[in-house]
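# Chains, contacts and geometry: an overview
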Amino acid sequence: MTDRALLAMSRRNLLLALGAATTLPAPAATPPGRVVASFSILADMAREIAPAGVEVTSLVRPDADAHVFEPTPADARRLAQADLVLVNGLGFEGWIERLIKVSGYRGTTVVATQGIATRQVGGSADPHAWQDLGLAQGYVGNLSRALAARWPEAAAEVEARTADYRARLAALDTQVRQWLGAVPREKRRVITSHDAFGYFGNAYGVDFLAPQGWTTRSEPSAATVARLLRQVREQDVQALFVENISDPRLVERIARETGARVGGTLYSDALSAAGGPADTYLRMFAHNARSLAEALSKTR
């Protein structure tokens, strides 16, 4: 949807258009509520710690690219009806401020990356901080405080669910380090479609190269692709991965021209559909880490 179309939507038209792993305490009597997150990964985090009776949905669906998302009147309607809105921030959702404005939403907008130490790329902050399980703990803290403040009668339940989720994040972080630690450091070089895994690389010692920057809004230039091909050959990069949100053709072309092997699919900015290999944040992270470790251990 264009800016003009968004702004042209009247408030009247909008109104017309309009589980945890361990045993937790019994939920408090919580009135039904609606939380709307900008994208599927953030929605899943919130779903893990939100009190019973609170519905959490996402604007950008699983397997969809938030960078190029175009909101619809139905999306504006959902925001108008929300009790709480969750965003990643750091420029990840370039469309969210316009959508909030036209929806008429006047509640709290929670920025999940508030206070998180960011990676700088080309003079701006890389928004993909969820790709580090340690930084995900910061996301959880921000979400937990916001949910408890919005539904104070369920604060004890939110606290218990938060503690449980934090423990599972920490356990997975240990497992990821074990999986990748079994691969020699000099072999941990891979190609992905766009620069979404910088935080992962910094946290777990993997060098990621990508033809696109941290956003997918523009196509890589011929010079950028040529430079990447040289890097692949010079640095003996042997594993390439496509992303669930990206067109695989460029990565496949790089594989053909360099002899590197496509190691599978990584989930970068979105979960898989329900029942898929990455339909929760924890399953997504485990899938990515195992896929990387398996592909890199097979390189010569």
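Each remark here, short or long, concerns the structure printed above.
As a starting point, this report considers the structure included with it. Owing to the predicted nature of the structure, the values given are computational and were not obtained by experimental measurement.

## Describing the pattern of salt bridges
Under the counting rule described, the total for this entry stands at 9 salt bridges. Across the salt bridge formed by R119 and D126, the nearest N and O atoms sit 2.5 Å from each other. With relative accessibility at 0%, the residue D126 sits in the buried group. For the salt bridge of D207 with R185, the shortest nitrogen-to-oxygen distance reads 3.0 Å. A residue pair is termed long-range when its members are at least 10 positions apart, and D207 in strand β8 (residues 207–209) and R185 in the loop between α7 (155–181) and β7 (189–191) qualify at 22 residues. Judged by its relative accessible area of 31%, D207 is partly exposed.

## Focus on the environment of H128
Mapped onto the fold, H128 is located in the loop between β6 (124–125) and α6 (133–150). Judged by relative accessible area, which is 0%, H128 ranks as buried. Taking the C-alpha atoms as reference points, H128 and A196, 68 residues apart in sequence, are found 6.0 Å from one another. Only 2.7 Å separates the side chain of H128 from the side chain of D126, close enough to count as a polar contact.

## Section: the pairing of strand β1 (residues 33–39)
Most of β1 sits inside the fold, with 6 of its 7 residues counted as buried. The pairing of β1 with strand β2 (residues 54–60) spans 6 bridges and is parallel. Looking at the pairing, F39 lines up with V60 of β2. Where β1 and strand β3 (residues 84–87) come together, 3 bridges link them in parallel fashion. Counterpart to V35 in the pairing with β3 is L84.

## Some points on the packing of aromatic side chains
Under the defined criterion, the tally for this structure stands at 10 aromatic pairs. Consider the rings of F39 and F92, whose centres lie 4.9 Å apart with planes at 55 degrees: the pair is tilted. Linking F39 in strand β1 with F92 in the loop between β3 and α5 (96–103), this pair joins segments that are 53 residues apart in sequence. Judged on exposure class, the residue F39 and its partner F92 are both buried. On the basis of an interplanar angle of 20 degrees and a centroid distance of 5.3 Å, the ring pair of F197 and F208 is categorised as stacked. With F197 in the loop between β7 and α8 (198–204) and F208 in strand β8, this pair connects stretches of sequence that are 11 residues apart. In terms of burial, F197 and F208 fall into one category: buried. Site record: aromatic cluster; members linked through ring pairs are F197, F200, Y204, F208, Y281 and F285. If you follow R150 out to its NZ or CZ, it ends over the ring of W151, 5.1 Å from the centre.

## Section: the sheet that holds β1
Strand order in the open sheet made by the 4 strands is β2-β1-β3-β4, with parallel pairing throughout. The sheet is open, and its two borders are formed by β2 and β4 (109–111), each paired with just one other strand. Within the sheet, the average angular offset between the axes of one strand and its neighbour, ignoring direction, is 25 degrees. Bridge count between β3 and β4: 3 bridges; the pairing is parallel. Looking at the pairing, L86 lines up with V110 of β4. Packing of helix α3 (residues 40–49) onto the sheet brings it into contact with β1, β2 and β3, and relative to β2 it is tilted by some 170 degrees.

## A short note on the packing of α3 against α7
Interhelical geometry of α3 versus α7 gives an angle of 125 degrees and a closest axis separation of 7 Å. Considering their axes alone, α3 and α7 lie oblique with respect to each other. Contact residues: α3 offers D44, M45, R47, E48 and I49, while α7 offers V158, R161, T162, Y165 and R168. Residues of the contact of α3 with α7, tallied by class, amount to 4 nonpolar, 1 polar and 5 charged.

Rules and cut-offs
- Residues numbered from 1 in each chain as written.
- Predicted model: local features only at pLDDT ≥ 70, side-chain atom pairs only at ≥ 80, totals over all residues.
- Heavy atoms only, no water.
- Salt bridge = Lys/Arg side-chain N within 4 Å of Asp/Glu carboxyl O.
- Buried < 20%, exposed > 50% of the residue type's maximum accessible area, 1.4 Å probe, protein only.
- Helix = DSSP H or I, 4+ residues; strand = E, 2+ residues; numbered from the N terminus.
- Polar contact = N/O pair within 3.5 Å; in protein donor to acceptor, adjacent residues only side chain to side chain.
- Pairing = 2+ DSSP bridges.
- Phe/Tyr/Trp six-rings, centres within 6.5 Å; stacked < 30°, edge-to-face > 60°.
- Lys NZ or Arg CZ within 6 Å of the ring centre and 35° of its normal.
- Axes fitted to C-alpha atoms, helices over the stretch in contact; angles between N-to-C directions.
- Contact = heavy atoms within 4.5 Å.
- Parallel < 35°, antiparallel > 145°, perpendicular 65-115°, else oblique.
- Nonpolar A, V, L, I, M, F, W, Y, C, P; charged D, E, K, R; others polar.

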